[in-house]
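Chain by chain, the residues run as shown.
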Amino acid sequence: MLGLMQNQPMLISSLIEFAARHHGDAEIVSRRVEGDIHRYTYREAAQRARQVANALDALNLEFSDRVATLAWNGYRHFELYYGVSGSGRVLHTINPRLHPEQIAWIANHAQDQVLCFDLSFLPLVQAVHAKCTSIRHYIALCDADKLPADSGIPNLQSYENWIGGQPSRYDWPVFDENTASSMCYTSGTTGNPKAALYSHRSSTLHAYAAALPDVMSISARDAILPVVPMFHVNAWGMPYSAALTGAKLVFPGPAMDGKSVYELIESEKVTYAAGVPTVWQMMLTHMKPGGLRFSTLRRTVIGGSACPPAMIHAFNNDYGVEVLHAWGMTEMSPLGTLCTLKNKHDSLSDDEKMKIRLKQGRVIYGVDMKIVDGGGEELPWDGKTYGDLLVKGPWIIREYFQGESDPLVNGWFPTGDVATIDADGYMQITDRSKDVIKSGGEWISSIDIENIAVAHPAVLMAACIGVAHPKWDERPIIAVVKKPGMDVSRDELLAFYEGKTAKWQIPDDVVFVDAIPLGATGKMLKTRLRELLKDYQLPA
Ligand code: ADP
């Protein structure tokens, strides 16, 4: 016997229509590429998303055709999120920080038909358009009078001109909720990038889950600032969860430096922000010297790479901002775990609570996880035993878009991360399996070694890599960027490790560098760092 409830497919268009109808006057504020601040409401965003849908119809785009973006977090990008997916096309958010060759490769692989780009990426589009053979239309996300003349880009028009003449009414099509809605390529630090292809169902389920109180806890009472880019796993789903809850949205545009982000948080009374550790590091560095404080910020989600304990402490103890440590990946839409405490933890001391908060957290309903050994046998949840982390669930990848092989192992997706899980189900990432340092048959977590270094007051950033060693196979060294105007010597830093980790885990050397190479998603690029240090010799 089937249930007798309405069978309404979960479609992304329903999120924006909900926001327009029930939170019509809630604001969406964007710092534009032009530098000024733009503000309007969900009601207006929905109207313009419908204009986008009409404009795509006018281009005779087919169902499931791909529409690419090269764009910062802003209102026009937000309209494309809904207009493209809502009308049954697939939004392909391209990461502009990728190498131009890779961008062309991705656009061809996805068979993008349209490319919408912020004017800051005009030179990039000029450089790659001739190689992007499937793209038929180029849309510059700007007013008609800002459209560059003689750009050399064929079929180029301004966004405002493109949607301007279109009606703001549109009957969103109703179709199977398993239809593809958007796609995102992984950064491809090894080999060619691979695409996760999200569906309406996976994205709306993920949006529900992300908004839960024990997850990102997004509400109509919040003003949320996704600093995590909309080209990086849909800004962790926040553009969807914001519409689902009616939260005020604040978009930083291209200005992600510490000063700009801080000022936006203050001027727009942001209560809630989300981003990778490097962004927050820049903001804290900006705030410290002038003794700046937050007046409204209460919570921040930090993920994408391990959040150093020193950062969690600084937010928590110095600024009264709760840090929610999150873990996920492109293939997981991206949320897998978030670190929030349980009722039974109430009576713990602050120190004991902090120990839990440093972990990557427990899974959200919808995701299941396990750790296994090299033979695929499940390992115990004791908080000590580490193994390969596998996940499954309705917003986790089944296969890559036009992928060559089945990525799953008995229905589970191997994340490439190594982790422990404790008896309460809190997972802690030990390392990415390719970054873990194998010394004398034992594993050293590069994350642990980095966390100790960045706890030193003179250290701005630190990256630990393994260097070949004749006896131990590999030994860790730590590459360090000093804070401006601060100093620490090699020996002082190595002495700082004493008592904080086992002796054999202390790095063999410190290499001071001006900068640590960052990848397209703002994470430390250890492959590049290893290349840069290829001639490095361990001290005898
Ligand atoms: P890529 O970096 O290849 O673009 P993702 O952005 O999807 O891919 O990154 C996913 C990976 O980032 C995870 O597999 C994990 O290694 C790392 N990661 C994400 N969040 C965290 C976290 N909170 N702590 C440690 N590592 C994390």
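Keep in mind the model is a prediction, meaning the values are calculated, not measured.

Turning to the site of the ligand, a few remarks are in order. In the vicinity of the ligand, 15 residues are found, and the nearest of them are Ser 187, Ala 326, Thr 330, Asp 417 and Lys 523. With respect to the ligand, the side chain of His 325 contributes an N or O atom lying 3.1 Å from a nitrogen atom. Here an oxygen atom of the ligand sits 2.6 Å away from a polar atom, N or O, in the side chain of Lys 523. Surface burial for the ligand is 93%, taken as the share of its 560 Å² of free accessible area covered by protein chains. The element best represented in the shell around the ligand is strand 14 (residues 322–328), accounting for four residues. Its residues assigned to classes, the shell around the ligand shows four nonpolar, eight polar and three charged.

Turning next to the domain arrangement of the chain. Partitioning the chain into structural domains gives domain 1 (12–208) and domain 2 (437–532). Relative placement of domain 1 and domain 2: their C-alpha centres are 40 Å apart. Residue-level contacts link five residues of domain 1 with four residues of domain 2. The tally of links from domain 1 across to domain 2 stands at zero residue pairs in polar contact (both at pLDDT 80 or more).

In space, the four strands of this open sheet follow the order 17-18-19-20, with antiparallel pairing throughout. In this open sheet, the two edge strands, each paired with only one partner strand, are strand 17 (368–372) and strand 20 (427–432). Strand-to-strand twist of the sheet, defined as the mean angle between neighbouring strand axes without regard to direction, takes the value 45°. Inspection of the sheet shows strand 19 (residues 413–421) paired to strand 20 by five bridges, in the antiparallel sense. Residue pairing across strands places Thr 420 opposite Gln 428, the latter belonging to strand 20.

Let us look at the pairing of strand 10 (residues 223–226). Burial along strand 10 is two-sided: Ala 223 and Leu 225 and Ile 224 and Pro 226, pointing in opposite directions, are all buried. Judged from the two bridges that link them, strand 10 and strand 11 (residues 248–251) form a sheet pairing that is parallel. The residue bridging Ala 223 from the neighbouring strand is Lys 248, located in strand 11.

Before going further, it helps to examine the pattern of salt bridges. Within this structure, the stated rule accounts for 29 salt bridges. Arg 39 serves as the salt-bridge partner of Glu 268, at 2.5 Å between the closest nitrogen and oxygen. Placement of the pair is Glu 268 in the loop between helix 10 (258–267) and strand 12 (272–275) and Arg 39 in strand 2 (residues 37–41), with a sequence separation of 229 residues. On the basis of relative accessibility, which here comes to 6%, the residue Glu 268 falls in the buried class.

This part takes up helix 1 (residues 12–22). Looking only at helix 1, the buried set comprises Ile 12, Ser 13, Leu 15, Ile 16, Ala 19 and Ala 20. Projected down its long axis, helix 1 carries its buried residues within an arc of 160°, all on one side. Considering only its buried residues, helix 1 is in contact with helix 2 (42–58), helix 3 (75–86), strand 8 (180–185), helix 7 (200–211) and helix 9 (238–245).

On to the packing of helix 2 against helix 3. Interaxial distance between helix 2 and helix 3 falls to 8 Å at its minimum, and their mutual angle equals 60°. By the angle between their directions, the pair helix 2 and helix 3 is classed as oblique. The way helix 2 lies across helix 3 gives a crossing that is right-handed. The residues of helix 3 that touch helix 2, namely those facing Tyr 42, Ala 45, Arg 48, Ala 49, Val 52, Ala 53 and Leu 56, are Tyr 75, Arg 76, Phe 78, Glu 79, Leu 80, Tyr 82, Gly 83 and Val 84.

What follows is about the state of the cysteines. Tallied over the full model, the rule gives zero disulfides. For the unlinked cysteine Cys 116, the closest cysteine sulfur is that of Cys 142, found at 11 Å. Residue classification places Cys 142 among the buried residues on the basis of a relative accessible area of 1%.

A few words on the packing of helix 11 (residues 277–290) against helix 12 (residues 309–319). Here helix 11 crosses helix 12 at 40°, and the two axes come no closer than 11 Å. By the angle class used here, helix 11 and helix 12 are oblique. Note that helix 11 runs across helix 12; the crossing there is left-handed. The segment helix 11 lies against helix 12, with Pro 277, Trp 280, Gln 281, Met 283, Leu 284, Met 287 and Lys 288 engaging Met 311, Ala 314, Phe 315 and Tyr 319.

A word on helix 10. All of the buried residues along helix 10 are Gly 258, Ser 260, Val 261, Tyr 262, Leu 264 and Ile 265. In this fold, the buried residues of helix 10 make contact with strand 1 (27–31), strand 2, strand 10, strand 11 and helix 11. In the segment just after helix 10, Lys 269 is the residue with positive phi, at about 50°.

Here we take up unusual backbone geometry. Note the cis peptide between Ser 333 and Pro 334, where omega equals 5°. You can see Pro 334 is positioned in the loop between strand 14 and strand 15 (335–338). Phi at Asn 155 is positive, roughly 50°, even though this residue is not glycine. Here Asn 155 lies in the loop between strand 6 (137–140) and strand 7 (156–158). Exposure remark for Asn 155: the relative accessible area of 52% places this residue in the exposed category. Of note in this structure, Asp 473 is not a glycine but carries a positive phi near 70°. Tracing the backbone through its elements, the reader meets Asp 473 in strand 24 (residues 473–482).

Let us now look at the packing of aromatic side chains. In this structure the tally under the stated criterion is 16 aromatic pairs. Between Phe 63 and Phe 175, the aromatic rings sit 5.1 Å apart at their centres with planes inclined by 75°, giving edge-to-face as the arrangement. Residue Phe 63 is located in the loop between helix 2 and strand 3 (66–70), and its partner Phe 175 is located in the loop between helix 6 (159–164) and strand 8; the two are separated by 112 residues in the primary sequence. With relative accessibility at 12%, the residue Phe 175 sits in the buried group. One aromatic cluster in this structure is built from Tyr 42, Phe 78, Tyr 81, Tyr 82, Tyr 240 and Phe 251.

What counts as what
- Residues numbered from 1 in each chain as written.
- Predicted model: local features only at pLDDT ≥ 70, side-chain atom pairs only at ≥ 80, totals over all residues.
- Heavy atoms only, no water.
- Near = heavy atom within 4 Å.
- Polar contact = N/O pair within 3.5 Å; in protein donor to acceptor, adjacent residues only side chain to side chain.
- Areas by Shrake-Rupley, 256 points an atom, 1.4 Å probe, with all protein chains shown as cover.
- Helix = DSSP H or I, 4+ residues; strand = E, 2+ residues; numbered from the N terminus.
- Nonpolar A, V, L, I, M, F, W, Y, C, P; charged D, E, K, R; others polar.
- Domains from an automatic or database assignment.
- Contact = heavy atoms within 4.5 Å.
- Pairing = 2+ DSSP bridges.
- Axes fitted to C-alpha atoms, helices over the stretch in contact; angles between N-to-C directions.
- Buried < 20%, exposed > 50% of the residue type's maximum accessible area, 1.4 Å probe, protein only.
- Salt bridge = Lys/Arg side-chain N within 4 Å of Asp/Glu carboxyl O.
- Arc of directions from axis to C-beta.
- Parallel < 35°, antiparallel > 145°, perpendicular 65-115°, else oblique.
- Left-handed = near helix turned anticlockwise from the far one by under 90°.
- Disulfide = S-S within 2.5 Å.
- Phe/Tyr/Trp six-rings, centres within 6.5 Å; stacked < 30°, edge-to-face > 60°.

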